[in-house]
There are 2 protein chains.
Amino acid sequence: MHAKRLSGVLAPAITPFRQDLSVDPERYARHAKWLLANGCSGLAVFGTNSEANSLSVEERMSLLEALVASDVPVARLMPGTGCCALPDSVKLTSHAVKLGCAGVLMLPPFYYKGVPDDGLFRNFSEVIERVGDSRLRVYLYHIPPVAQVPISISLIERLLKRYPGTVVGIKDSSGDWGNTQALLDVFKGSTFDVFAGSESFLLQNMRSGGVGCISATANVNPGAIHHVFEHWKTLQADDLQARISATRATIQKYAMIGALKAIVAHYGDDPDWVTVRPPLMELGTDKTRTLVAELDRLGFTMPGLAQSAARV
Amino acid sequence: MHAKRLSGVLAPAITPFRQDLSVDPERYARHAKWLLANGCSGLAVFGTNSEANSLSVEERMSLLEALVASDVPVARLMPGTGCCALPDSVKLTSHAVKLGCAGVLMLPPFYYKGVPDDGLFRNFSEVIERVGDSRLRVYLYHIPPVAQVPISISLIERLLKRYPGTVVGIKDSSGDWGNTQALLDVFKGSTFDVFAGSESFLLQNMRSGGVGCISATANVNPGAIHHVFEHWKTLQADDLQARISATRATIQKYAMIGALKAIVAHYGDDPDWVTVRPPLMELGTDKTRTLVAELDRLGFTMPGLAQSAARV
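Just so it is clear, the model here is predicted, and its values are computed rather than measured. (Residues numbered from 1 in each chain as written. Chains lettered and ligands numbered in written order. Predicted model: local features only at pLDDT ≥ 70, side-chain atom pairs only at ≥ 80, totals over all residues. Heavy atoms only, no water.)

## Comments concerning the confidence of the model for chain A
Detailed reading of the predicted coordinates is not advisable wherever pLDDT is low.
In step 1: On average, chain A scores 97 in pLDDT, and the residues at 70 or more come to 98%.
In step 2: For this predicted complex, the interface score ipTM comes out at 0.97, alongside a pTM of 0.97. (pLDDT = per-residue confidence, 0-100.)

## Let's talk about the relation of the copies chain A and chain B
In step 1: Structural alignment of chain A on chain B gives an RMSD of 0.0 Å, achieved by rotating through 180° and translating 0.0 Å along the axis. Within this description, the copies of the chain are treated as partners about a two-fold rotation axis. Within chain A, Tyr111 of chain A has its C-alpha nearest the rotation axis, a separation of 4.0 Å.
In step 2: Both copies contact each other with a shared surface, as 100% of the interface residues of chain A are interface residues in chain B too. (Least-squares fit on C-alpha atoms with pLDDT ≥ 70 in both. Contact = heavy atoms within 4.5 Å.)

## Digging into the pattern of salt bridges
In step 1: Under the criterion given, the structure shown has 34 salt bridges over all chains.
In step 2: Note that Arg27 of chain A and Asp24 of chain A form a salt bridge whose closest N and O atoms lie 2.5 Å from each other. Take Arg27 of chain A and Asp24 of chain A: they sit in the same class, and that class is buried.
In step 3: Its salt-bridge partner being Arg158 of chain B, residue Asp118 of chain B comes within 2.8 Å of it at the nearest N-O pair. Pair noted here: Asp118 of chain B is in helix H4 (residues 117-131) and Arg158 of chain B is in helix H6 (residues 153-162), with a separation of 40 residues, a long-range link.
In step 4: With a relative accessible area of 40%, Asp118 of chain B lands in the partly exposed category.
In step 5: Through salt bridges with shared partners, one network takes in Asp24, Arg27, Arg30 and Asp270 of chain A. (Salt bridge = Lys/Arg side-chain N within 4 Å of Asp/Glu carboxyl O. Buried < 20%, exposed > 50% of the residue type's maximum accessible area, 1.4 Å probe, protein only. Helix = DSSP H or I, 4+ residues; strand = E, 2+ residues; numbered from the N terminus.)

## Description of helix H3 (residues 86-99) of chain B
Residue and element names in this part refer to chain B.
In step 1: Here H3 is 14 residues long and its end C-alpha atoms lie 20 Å apart, about the 20 Å a rise of 1.5 Å per residue gives.
In step 2: Three or more residues of H3 are buried, namely Leu86, Asp88, Ser89, Val90, Leu92, Thr93, Ser94, His95, Ala96 and Val97.
In step 3: Among the structural elements, helix H2 (57-69), strand E3 (104-106) and H4 are those in contact with the buried residues of H3. (Expected span 1.5 Å × (residues − 1).)

## Re the environment of Met206 of chain B
Residue and element names in this part refer to chain B.
In step 1: Relative to the elements of secondary structure, Met206 occurs in helix H8 (residues 202-207).
In step 2: In this structure, the C-alpha to C-alpha distance between Met206 and Ala85, residues 121 residues apart in sequence, is 35 Å.
In step 3: In this structure Met206 touches Val211, Gly212, Phe229 and Trp232, once residues within four positions along its chain are discounted.

## Quick look at the sheet that holds strand E4 (residues 138-142) of chain B
Note on sheets: strands pair through backbone hydrogen bonds, and any given pair is parallel or antiparallel.
In step 1: Pairing in this open sheet of seven strands is parallel, and the strands run E2-E1-E7-E6-E5-E4-E3 (chain B) from one edge to the other. Where the open sheet ends on each side, the last strands, each with one partner, are strand E2 (42-43) and E3 of chain B. (Pairing = 2+ DSSP bridges.)

## Structural notes on the pairing of strand E5 (residues 167-172) of chain A
Residue and element names in this part refer to chain A.
In step 1: Counting buried residues along E5, six of its six residues qualify, which places the element largely inside the surrounding structure.
In step 2: Note: strand E4 (residues 138-142) against E5, five bridges, orientation parallel. Across the sheet, Val138 pairs through a bridge with Val167, a residue of E5.
In step 3: Strand direction decides the pairing type here: E5 and strand E6 (residues 193-196), joined by four bridges, are parallel. Each residue of the ladder has a partner; that of Lys171, found in E6, is Phe195.
In step 4: With helix H7 (residues 177-186) bridging E5 and its parallel neighbour E6, the resulting β-α-β unit is right-handed. (Right-handed = clockwise from strand over helix to strand, strands pointing away.)

## Some words on unusual backbone geometry
Note on backbone geometry: most residues besides glycine have negative phi, and most peptide bonds are trans.
In step 1: Of note, the amide linkage connecting Pro278 of chain A to Pro279 of chain A takes the cis form, showing an omega dihedral of 20°.
In step 2: Checked against the element boundaries, Pro279 of chain A lands in the loop between helix H11 (256-267) and helix H12 (285-297).
In step 3: Positive phi, close to 55°, is recorded for Glu51 of chain A, a residue that is not glycine.
In step 4: Here Phe46 of chain B, not a glycine, exhibits a phi torsion of approximately 65°, which is positive.

Spelled out as structure tokens, the structure:
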């Protein structure tokens with residue numbers, strides 16, 4: 001993995017499925033390139049909003065290889081590799097390191113609830129030891145509303161002490177600014193990078209020492225979010241933040257993943273994008289119409305997306 | 001799969017790991033045979049207490065094949081095959097059907113929370129359609145305390161209507177007798193089989209029309225639990241139930257999986273059994289000593305287990 005750390009706006013790139021629910025590597029690479037050309041500094045592929053846990057290990061590896069084969073810069077990729085089963089986490093992490101990814105974003109094993117920090121420490125430790133590669137950079141993925149297995153600050157302290165230079169950051173998707181602030185306070189002055197889990201907290205995160213955000217809605221609004229990242233020290237920062245927060249608030253009234261795919265399908269004029277894998281459901285025609293009308297009123301655009309789809 | 005339905009006491013067989021955390025097929029087959037010789041009518045392998053979600057898809061398939069190769073009767077097996085990723089569920093279910101298993105016990109996809117019943121219906125439907133084998137018998141696995149994704153009665157009704165003869169039963173591990181009673185009431189007179197998720201509810205379940213239990217502690221106390229199943233119509237039934245409930249209550253004061261493995265290691269004189277995969281932790285020496293002392297006071301035994309281990 002690369003010495004240069006990722007910062008700025010990362011998208012947990014959504015994963016396209018054909019109507020038969022198979023993965024679509026070509027459409028995937030196209031979306032990845034559009035994101036990188038339109039404000040994303042990196043791609044946290046195989047995140048929650050990528051439906052990563054709805055993919056088999058083999059599908060994840062072949063999709064990552066397809067991105068690399070399509071000349072998506074591997075140094076801008078931070079694939080999700082944390083699974084319930086240790087052998088799966090080891091396999092995916094090892095694969096990402098060998099390809100040269102910038103880092104990996106690691107969920108805790110999320111089937112058992114109420115597990116002790118000792119067990120979570122042992123999980124991350126076994127993955128790191130078994131991968132056994134000094135290029136590995138682990139970003140922890142704290143998303144208790146979904147995984148229901150939190151990553152505590154004391155667990156992070158233990159991991160940093162044992163694996164300095166390997167455990168290098170976190171995505172905080174707790175939805176709780178208090179937790180992000182606590183992380184920033186505790187790890188102030190260290191090289192531990194804190195990404196907010198939503199652009200709603202981007203400006204706050206930058207002002208408090210964070211390095212950016214990894215956000216679902218970066219899939220559709222990367223330019224405006226990147227603009228906040230670029231201009232967070234300026235006088236317009238609060239106004240810019242208010243605008244991306246308004247867009248976010250509009251989208252998150254709907255089931256997020258179905259909504260993101262409906263938006264890409266609509267603004268990209270590429271209807272097959274709407275498909276999700278069960279247990280999720282597509283947003284549906286009526287809700288899509290309402291959502292698009294709301295976004296249009298906000299002046300929302302996805303520049304060049306339709307042309308990018310048409311080029312294929 | 002077989003026309004004959006399983007009933008009685010099924011164990012979600014615990015999965016042995018070597019000290020390096022690799023799976024141990026020989027020790028696994030030995031435990032399976034001991035369970036079937038000591039009161040279990042079947043084995044719900046790859047359940048929650050089997051650490052199934054801590055195993056890769058390949059490990060699950062190879063362990064199942066190892067059981068079959070060791071002459072464990074395949075008609076007494078109900079492997080867990082429900083995963084977060086549809087391709088994994090299809091692969092495991094198809095594999096189980098082809099081997100001739102009595103049925104499969106299917107978790108809902110458990111990463112996303114708060115998903116609509118439409119999405120869960122579509123998940124089970126896609127698995128059934130893609131496996132496309134009339135021998136398939138699906139038992140639904142309702143375990144909201146762990147999976148955090150419930151299987152509602154209205155979802156079951158939809159599945160039964162669409163897939164009669166394929167969706168044939170449920171394991172109710174809600175821990176809520178009210179839910180089990182509701183299932184028994186709603187599906188009374190049908191061929192939908194209700195297994196209690198713990199022997200604590202075995203007698204109540206049998207008296208209300210259920211078919212048995214699939215219980216963690218059947219891994220260590222199968223004989224006494226089977227005794228309740230055999231004698232549930234007799235006058236001693238309440239006394240027998242009180243005894244297995246007391247044993248259960250003693251064990252479940254501890255973290256269940258570590259405790260089960262510690263018990264098998266102790267009474268089977270086979271120390272390597274204690275190993276669990278992260279994020280779980282072994283029970284540890286002190287707690288094991290206390291637990292064993294409590295069990296000894298209850299007159300607890302595991303007849304023939306040590307000899308079975310020594311034979312190898």
